[in-house]
Amino acid sequence: MSHMMRAVVIARYGGTLEVTHCPVPRPGPGEVLVEVHASGLCGTDLHLLSGRQPLGTLPRIIGHELAGEVAALGDGVTQWHEGDRVTAAIDVTCGHCRHCLTGETQRCLAMQRIGFERDGGHADYVAVPAANLVTVPPEISYAAAAILPDAVACMYHSLVHQGKVGIGQRVLILGAGGLGIHGVQIARSAGAEVLATSRRWERLALAEESGALVVNTKDQSLETAVATFTHGDGVDIVVDNIGTRDSVRQGLSVLRPGGKLLLVGYLDETLEIPSMRFFKQEQEIIGCRGSTRQDLVEVVRLVQSGRITPVIGAHYKLEQIDEAAACLEAGDLVGRIVLTR
Ligand SMILES: [Zn+2]
Ligand SMILES: [Zn+2]
């Protein structure tokens, strides 16, 4: 192993994403050095570059979705071995705050996230706590495993943990993009009926293949589609992957009384709710952030058994990070972008 590696570093906000060279990290006590084989590029990475989501201390290696093999062990790590195929849960949690102690680790009060407050996986190597690692079985490729911690596990956390989706329910997925397409698969897998929206037919075609009814909100009425879908009842769950005033207003307007709107997107800084209707109908808006290690464990199982298929829209090499970012920005991809090594 050489002492230097390639990494995508944000040294200042603005500019472009590019690969630079920096030292290979040393795994601290309880940590594992992972040789990264693939990492997922997320829209959030672009927000980090622009500074819209500040990182705290710079410079920082970004990349919060990764898969690879164990390359070295820090002191005290006994349960992993060199060569083990792994992915990693994003949240590094303290283990002793009141949320960690009650198993709600996604609300840890002292959380640091891989690729945010800690160095991440758009690099040749990353050091992560052994407690974050999850085994990737041989039938799941590194590229597919690389998009599980966020694009898939986040939808799993939203629908299963926060939304408690169940058999026979009717789910509306607003925004069948990189996250939403996995939301379709997860809701279908849970036995729900799904209606998915997008303004792009290519995305809707894939959502349809995954078992959803679809509506192109560019030129079709969502209200009419939902009325047909639910025989006038309204949907049980809305997954809002967009998070604008419009999407929340639309989502609430087609939600049944007592239904849940799962807020995953956050494009507008503030949202509006129709207070009287919301109050009378006892609807719920539930924030959904990230995923837990256990969510990731369960997602790996679902992929292994073939019930969920990670959707990769494009592969780029790590050096092509700027091209990959431009492709993501252009927004006409179906599925996630994976950076291979
Ligand atoms: Zn992300
Ligand atoms: Zn904690």
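The coordinates are above.
Described below are features of the structure shown in this document.

Within helix α7 (residues 222-230), the full set of buried residues consists of Leu222, Ala225, Val226, Phe229 and Thr230. Buried residues of α7, seen end-on, are gathered within an arc of 110° and therefore sit on one face of the element. In α7, the exposed positions that point more than 90 degrees away from the buried face belong to Thr224 and Thr228. Summarising the contacts, the buried residues of α7 are in contact with β11 (170-174), β12 (193-198), β13 (213-216), β14 (235-240) and α8 (245-253). Two to three positions downstream of the cap, the backbone nitrogen of Glu223 sits 3.4 Å from a side-chain oxygen, assigning the N-cap of α7 to Ser221. One or two residues past the end of α7 sits His231, with phi positive at roughly 55°.

Looking now at the layout of surface pockets. Of the volumes computed, that of the second largest pocket is approximately 270 Å³. Taken together, 17 residues form the lining of the second largest pocket, with Thr93, Thr105, Thr292, Arg293 and Gln294 sitting closest to its centre. No other element matches the four residues that helix α10 (residues 293-304) contributes to the lining of the second largest pocket. Counted by class, the lining of the second largest pocket contains three nonpolar, nine polar and five charged residues.

Glancing now at the coordination of the zinc ion (ligand 2). Ideal donor angles around a metal are set by the shape: a four-donor tetrahedron calls for 109.5 degrees, a six-donor octahedron for 90 or 180 degrees. For the zinc ion (ligand 2), the protein coordination sphere consists of Cys94 (SG), Cys97 (SG), Cys100 (SG) and Cys108 (SG), at 2.3 to 2.4 Å. Relative to the metal, the four donor atoms surrounding the zinc ion (ligand 2) lie at angles of 104 to 117°, and the coordination shape comes out tetrahedral. Sequence spacing among the residues donating to the zinc ion (ligand 2) works out to C-x2-C-x2-C-x7-C. With Cys97 in the loop between β7 (91-92) and α2 (98-101) and Cys108 in the loop between α2 and β8 (112-113), the pair connects residues that are 11 residues apart, well separated along the chain. Comparing Cys97 with Cys108 shows no difference in burial state: the two are buried.

Thresholds applied
- Residues numbered from 1 in each chain as written.
- Chains lettered and ligands numbered in written order.
- Predicted model: local features only at pLDDT ≥ 70, side-chain atom pairs only at ≥ 80, totals over all residues.
- Heavy atoms only, no water.
- Buried < 20%, exposed > 50% of the residue type's maximum accessible area, 1.4 Å probe, protein only.
- Helix = DSSP H or I, 4+ residues; strand = E, 2+ residues; numbered from the N terminus.
- Arc of directions from axis to C-beta.
- Contact = heavy atoms within 4.5 Å.
- Polar contact = N/O pair within 3.5 Å; in protein donor to acceptor, adjacent residues only side chain to side chain.
- 1 Å grid on protein atoms, 1.4 Å probe; cavity = no way out; pocket = protein on both sides within 12 Å on 5 of 7 lines; lining within 4 Å.
- Points joined across faces, edges and corners; volume = space filled by probe spheres on them.
- Nonpolar A, V, L, I, M, F, W, Y, C, P; charged D, E, K, R; others polar.
- Donors = N, O, S within 2.8 Å, 3.2 Å for Na, K, Ca; no water.
- Tetrahedral: all angles 85-135°; square planar, octahedral: opposite > 155°, others 65-115°.

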